[in-house]
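# Observations on the three-dimensional arrangement
Chain by chain, the residues:
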Amino acid sequence: MTALTREETEALIQEVLEVYPEKAKKDREKHLAVNDQSIEQSKKCITSNRKSLPGVMTIRGCAYAGSKGVVWGPIKDMIHISHGPVGCGQYSRAGRRNYYVGTTGVNTFGTMNFTSDFQEKDIVFGGDKKLAKLIGEIEQLFPLNKGISVQSECQIGLIGDDIEAVSKKAAKEIDKPVVPVRCEGFRGVSQSLGHHIANDAIRDWVLPRRDGKAFEGTPYDVAVIGDYNIGGDAWSSRILLEEMGLRVVAQWSGDGTIAEMEKTPYVKVNLIHCYRSMNYIARHMEEKYSIPWMEYNFFGPTKVAESLRAIAALFDDKIKEGAERVIAKYQPLMQAVIDKYKPRLQGKRVMLYVGGLRPRHVIGAYEDLGMEVVGTGYEFGHNDDYDRTIKDMGNATLLYDDVTGFEFEEFVKKVKPDLVGSGIKEKFIFQKMGVPFRQMHSWDYSGPYHGYDGFAIFARDMDMTLNNPCWSKITAPWLNKDGSLAEKKAA
Amino acid sequence: MANIMIQGSKGAYVFYLPKRDLEDAIVSMEFDTPEKWGGEIKLNNGGTYYIEPQTAPARLPISLRAKRLDAAE
Ligand code: SF4
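Everything quoted here is computed from the prediction, not taken from an experiment.

## Considerations on the overall build of chain B
- Scanning chain B from terminus to terminus reveals 0 helices and 6 strands.
- In sequence order, the secondary structure elements of chain B are arranged as β-β-β-β-β-β.
- Rg of the C-alpha trace for chain B: 11 Å, near the compact-globule value of 11 Å for 73 residues, within the 12% margin.
- Its C-alpha atoms give chain B principal-axis dimensions of about 35 × 20 × 20 Å.
- Counting across all 73 residues of chain B, residues that qualify as buried make up 40%.
- Partitioning the contacts of chain B with sequence separation of at least 6, the portion at a separation of at least 24 is 28%.
- About 3900 Å² of surface is accessible on chain B, with carbon and sulfur atoms providing 51% of the total.
- Of the charged side chains in chain B, 9 are positive and 10 negative, and the gap between their average positions amounts to 5 Å.

Encoded structure:
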């Protein structure tokens, strides 16, 4: 199927909206758009960061997920208490595959779940005492922890516990940072506010800890911020920066430590990969410590080279030469990857629906393989994300914000992409429909995808999925062999 | 009153409202001299805000309190 024209895409959106009641239709209409590269401001064509519509299937998470799951969770040498009932932490435990080095349970705690396991009596009488006791127990059982963060679940805000007071007191007692984070799930419209709250907690409780202390810096110190080391992403990024001569002082939060975070105010530049979740802290450091920040993109050789040059441009000739050297070194390797996979993937069309940065960042990697992204959208993007996306996407492609389960399915049925990249909740619907699917949050248990090494894996994975012979053999369970809707069987 | 941040440099100020994650270019600022700086600011999106006139900050970005006179949207 060839690409849709602008009119066809518009008609498609209208068709999909048809099923909604009048009010819902009016609301959802604002979140769906046809890309127009000539638009400067995304808000002219798409509304984002609004409350999801009651009754639809949204794919968003909560503020707690944004703070505990994304920003704080990967800090490996701290213990993050999921404060409240046991479920929020347990069901999200280790799902994000933030790799780290260390001995789990001894000096690192990334994949473990710590919770205050609220019971009825804690809701009735308050959980502050329990929290204080819990911190004491943690300190006794895991003495090598470097600090504790208290990640509030919904209930804490509802019953009005004073976790700040408990944290301050406990911090004195154990002589380690104890960070209260007010990331109750009900705050905000999506996990996005959780990122912001988590950033603010880092600003207030972590960064000032080293203010005024000595630090032996070099002119080439940088921090990598907003890389969560999913499947090893941060490692394959970091080696490139080091190879070109920079010193990576801190890496957040994938494979990160609290000591690295504390040292960040001393770097020369903050390099931001996930803009959405970490721009707040970057802006703060720019104001307070005069550290400039820049966004970069390490997906696919074209963007990696672009980003390496842009980063090098902030430094002297030595780094600039270093960047060219790194690019030249990997160029033939990347060419070999492209030569191998491009013929198998050329012209294939992809639809994405992911989180913070990927809906726009991975476009370049697909283009390097000769593929085209025909639809993209963010779960919890804001206007500034869409501003950045409009330029990266082709004209007349689909943009969908906080897409509903129904809309996404219909879009895929009509646009018929050769590959869909989204999350675990979408995976099985599309696989059962016989549409090749990659889980683009945790790289479908693969990765890394960042950097040059990551691209080789990315290309292989896309080929492996797309050209797998199984897809044509699948009949969706709700269809008959001839494609008609199957009769519902009595239960 | 809302906490805002002004970034960028003279002639190319950028307005940032963390609470709503609104980032936009400032198209005009009532006073823009070293002695008197601030006043009514107009954003690219049509919104207007007011910051108490003050001496120009030594460096940007800077966090300030601003009053919303007329928000866009
Ligand atoms: S919304 Fe509240 S209860 Fe649900 S996972 Fe988030 S913090 Fe837990």
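## Comments concerning the site of the ligand
- Around the ligand lies a shell formed by C62, Y64, C88, E153, C154 and G185 of chain A.
- Tallied by class, the residues present in the shell around the ligand amount to 4 nonpolar, 1 polar and 1 charged.

## Observations regarding the pattern of salt bridges
Residue and element names in this part refer to chain A.
- Within the structure shown, the criterion is met by 34 salt bridges over all chains.
- Salt-bridge contacts for R182 lead to E164; the nearest nitrogen and oxygen are separated by 3.2 Å. In this pair, R182 is assigned in the loop between β5 (178-181) and α9 (191-206) and E164 in helix α8 (residues 163-174), connecting sequence segments 18 residues apart.
- Taking the relative accessible area as the measure of exposure, E164 reaches 24% and is therefore partly exposed.
- A salt bridge links E243 to K329; the nearest nitrogen and oxygen atoms lie 2.8 Å apart. Here E243, found in helix α10 (residues 233-243), pairs with K329, found in helix α14 (residues 317-345); they are 86 residues apart in sequence, far enough to count as distant.
- For K329, a relative accessible area of 46% gives the class partly exposed.
- When salt bridges with common partners are traced through the structure, they connect R276, E295, R360, D384, D385 and R388 into a single cluster.

## Considering the side chain of E139 of chain A
Residue and element names in this part refer to chain A.
- As for its placement among the helices and strands, E139 is situated in helix α6 (residues 128-141).
- Engagement of the side chain of E139 in a polar contact is seen with the side chain of N145, the distance being 3.1 Å.
- Apart from residues lying up to four places away in sequence, E139 is in contact with N145, I174 and K176.

## Thoughts on the packing of aromatic side chains
- The final tally for this structure, using the stated rule, is 24 aromatic pairs over all chains.
- When the centroid spacing of 4.4 Å and the interplanar angle of 35 degrees are considered together, the rings of W443 of chain A and Y449 of chain A count as tilted. For the pair W443 of chain A and Y449 of chain A, a shared accessibility class is recorded, and that class is buried.
- For the ring pair Y13 of chain B and W37 of chain B, a centre distance of 5.8 Å and an interplane angle of 85 degrees mean the geometry is edge-to-face. Pair noted here: Y13 of chain B is in strand β2 (residues 12-17) and W37 of chain B is in strand β4 (residues 37-43), with a separation of 24 residues, a long-range link. There is no split in this pair, since Y13 of chain B and W37 of chain B are both buried.
- Chaining the aromatic ring pairs together yields one cluster made of F299, Y366, W443, Y449, F455 and F458 of chain A.
- Looking at R358 of chain A, its charged tip hangs above the ring of W443 of chain A, at a distance of 3.9 Å from the centre.
- One cation-aromatic arrangement involves K36 of chain B over F31 of chain B; the distance from NZ or CZ to the ring centre is 3.9 Å.

## With respect to the nonpolar core
All names here are of chain A.
- Counting 95 residues, the largest nonpolar core has W72, L241, M244, W252, L308, Y366 and Y452 as the members making the most contacts within it.
- Among the elements that take part in this core, α14 stands out by supplying 10 residues, more than any other.
- In this structure, Y366 is in contact with V350, L352, M371, V373, L419, M440, F458 and M462, ignoring residues within four places of it in sequence.
- The next biggest cluster of nonpolar side chains, apart from the first, holds 26 residues, and it includes I13, Y400, F411 and F437.

## Details of the interface of chain A and chain B
- Contacts between the two partners involve 17 residues from chain A, matched on the other side by 14 residues from chain B.
- Both sides of the chain A and chain B interface together cover about 1300 Å² of buried area, and 37% of this is carbon and sulfur.
- When the area that chain A buries against chain B is broken down by residue, the three leading residues are K43, R283 and E287 of chain A, summing to 44%.
- Across the chain A-chain B interface, the total number found is 0 salt bridges.
- Residue assignment for the side of chain A that touches chain B shows that the elements contributing at least two residues are α12 (275-289) and α17 (383-392) of chain A.
- For the side of chain A that touches chain B, the leading source of residues is α12 of chain A, giving 9 residues.

## Brief notes about the sheet that holds β5 of chain A
Residues and elements named next belong to chain A.
- Taken together, the 4 strands give an open sheet; going across it, the order is β3-β2-β4-β5, and neighbouring strands pair in parallel fashion. Looking at the sheet topology across the chains shown, the edges are occupied by β3 (114-115) and β5.
- In the sheet, strand β4 (residues 148-152) pairs with β5 via 4 bridges, with the strands oriented parallel. Bridge pairing in β5 places I148 opposite V178.
- The strands touched by α6 within the sheet are β2 (79-83), β3, β4 and β5, with β2 carrying the most contacts at an inclination of about 155 degrees.

Rules used in this analysis
- Residues numbered from 1 in each chain as written.
- Chains lettered and ligands numbered in written order.
- Predicted model: local features only at pLDDT ≥ 70, side-chain atom pairs only at ≥ 80, totals over all residues.
- Heavy atoms only, no water.
- Helix = DSSP H or I, 4+ residues; strand = E, 2+ residues; numbered from the N terminus.
- Rg over C-alpha atoms; globule rule 2.2 N^0.38 Å.
- Buried < 20%, exposed > 50% of the residue type's maximum accessible area, 1.4 Å probe, protein only.
- Contact = heavy atoms within 4.5 Å.
- Areas by Shrake-Rupley, 256 points an atom, 1.4 Å probe, with all protein chains shown as cover.
- Lys, Arg positive; Asp, Glu negative; His and termini not counted.
- Charge placed at Lys NZ, Arg CZ, Asp CG, Glu CD.
- Near = heavy atom within 4 Å.
- Nonpolar A, V, L, I, M, F, W, Y, C, P; charged D, E, K, R; others polar.
- Salt bridge = Lys/Arg side-chain N within 4 Å of Asp/Glu carboxyl O.
- Polar contact = N/O pair within 3.5 Å; in protein donor to acceptor, adjacent residues only side chain to side chain.
- Phe/Tyr/Trp six-rings, centres within 6.5 Å; stacked < 30°, edge-to-face > 60°.
- Lys NZ or Arg CZ within 6 Å of the ring centre and 35° of its normal.
- Core = buried A, V, L, I, M, F, W, Y, C linked by side-chain atoms within 4.5 Å.
- Buried area = accessible area lost by both parts, 1.4 Å probe.
- Pairing = 2+ DSSP bridges.
- Axes fitted to C-alpha atoms, helices over the stretch in contact; angles between N-to-C directions.

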